[in-house]
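# Descriptive structure summary
Residues per chain, in single letters:
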Amino acid sequence: MLDTLPPEIFGRVLEIAIEIWGIGFLPPVRLVSRTCNDVVASTPSLWGIITLGRPFDLTVLQKQLERAKQSDIRLSYPRKGFPMREKRFVRLFDQLLTLTDNWIRAELTTELLAKTHASRLPRLSSLDVRGNLELLPESFFDSRLPALHSLALSHVREMDGWRTGFFSPHITDFTLGFCAPRSTTLIRQALSLLPNLYSLHFENLAFYHVFTAQSPIKLAALHHLEVINCLHATGLLLEICAPNLRVLSIRGASTNIEMALILADWSQPTCIPTHLQSLELWDVLKGSDSAYLVRYIERLPSLIRLMVSHNDLDGLDEFEVLVHALAKPEVCPMLEHLCLDIPLHTVDAISIAKLRRKRLRSVQIQLCAGGTQEEADEFRSYLACDVRCMCLSCSFN
Ligand SMILES: [Zn+2]
């Protein structure tokens, strides 16, 4: 079946498989058919996907490395990697260090990255580095990383040790995760050095201090902002002004975020992302935020997808203003996909269905909790699209 795919697609499938199962996946694939064998033989990039951790075998990796010398190398040292000081691993890594010209992607600890220098990584386009940045000496940055466009920093123990040498206008994708910054100061510093950011991700951050109001940093090129499981991130979000956003997602355990404040700020004419197409606010809204959300989405004429859920049982009635706003066709006139995990009366939702029936392509709401079977049937009767209840196992689906 797979060998009927175009060779370049099949090759990509094999790349993904090797990232998951290691190079040991290839020999049996070669035996499946002549086509499979030909694709493997003609795809040298497969040998360059190197994962330095169990369950892969150092002997197998050694053989792989021999074949990877002519390939682009995509290197990964997972959290369950080989012990860094094990002799055989050290020898293997030393060999990899002779091939740094071939590295195009690397996921490493700061300790391993410190074994080379920026000037030896001329083609590295994606770098995911984790651990204490103080283990990475300034001497690493003997030049810029000229090809780097995607940077992820995680498990940074002390934010004071940031290395500005990583940051350049060439970077379009930046991720910061799994750390507890004392303030937003260093993030501001980083963002000010990344004027061409297209995609920005924050994941599992916990800020210590109450924010202080500062003027926002304008990220004119930013299209995609994702904030997942971040605590006390109000200050961080208030510092971002991204008028050209297309996708905005804030979700998951983001407690103590003052969404009313953020939405009010982001509704200002200088910040409003009038081309925003997808908005997801999942588990971050209180009922009292809903009026601010309405004011925000009223200014989003291009919105196609809206996903909203609440994270607080107080003030749930206040979400009515959102339902009423969505029943106005002039609010988000391009809306096609709607997912509301908020308490609502099906009779109120019927007006949404009536007025938006021509454009909506999928709807997910609390159908069974908000009214009778007849009301749910009437709701469905206006929509010729995929309608589902938020429940996992519901007779309304
Ligand atoms: Zn249900």
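The structure reproduced in this document is the subject of the present report. (Residues numbered from 1 in each chain as written. Predicted model: local features only at pLDDT ≥ 70, side-chain atom pairs only at ≥ 80, totals over all residues.)

## With respect to the pairing of strand β4 (residues 126–130)
Where strand β3 (residues 103–109) lies against β4, 5 bridges are found, and the strand directions are parallel. Looking at the pairing, Thr109 lines up with Arg130 of β4. Where β4 lies against strand β5 (residues 150–154), 5 bridges are found, and the strand directions are parallel. Each residue of the ladder has a partner; that of Asp128, found in β5, is Ala152. (Pairing = 2+ DSSP bridges. Helix = DSSP H or I, 4+ residues; strand = E, 2+ residues; numbered from the N terminus.)

## Digging into the environment of Pro195
Along the chain, Pro195 falls in the loop between α7 (185–192) and β7 (199–205). Sequence spacing of Pro195 and Leu65 is 130 residues, and the spatial spacing of their C-alpha atoms is 37 Å.

## Brief notes about unusual backbone geometry
Although it is not a glycine, His232 adopts a positive phi angle of roughly 55°. Here His232 is to be found in the loop between β9 (224–228) and α8 (234–238). Given 20 C-beta atoms within a 10 Å radius, His232 is considered buried. Despite not being glycine, Cys332 shows a phi value in the positive range, around 50°. (Buried ≥ 20, exposed ≤ 12 C-beta atoms within 10 Å, placed from the backbone.)

## Re helix α12 (residues 346–356)
Within α12, the full set of buried residues consists of Thr346, Ala349, Ile352, Ala353 and Arg356. Projected down its long axis, α12 carries its buried residues within an arc of 100°, all on one side. (Arc of directions from axis to C-beta.)

## Quick look at the environment of Asp265
Within the fold, Asp265 resides in helix α9 (residues 259–266). A C-alpha to C-alpha distance of 9.1 Å links Asp265 and Cys241, two positions 24 residues apart in sequence.

## Focus: the pairing of strand β14 (residues 337–341)
The side-chain alternation of β14 yields one buried face, formed by Leu338 and Leu340, and one unburied face, formed by His337, Cys339 and Asp341. By the bridge criterion, 5 bridges tie strand β13 (residues 305–310) to β14 in an arrangement that is parallel. Within β14, the position partnered with Met307 by the bridge is Cys339. Taken together, the 3 bridges between β14 and strand β15 (residues 362–365) define a ladder with parallel strand orientation. Its bridge partner being in β15, Cys339 is matched across the sheet by Gln364. What joins β14 to β15 is α12, and the crossover it makes is right-handed. (Right-handed = clockwise from strand over helix to strand, strands pointing away.)

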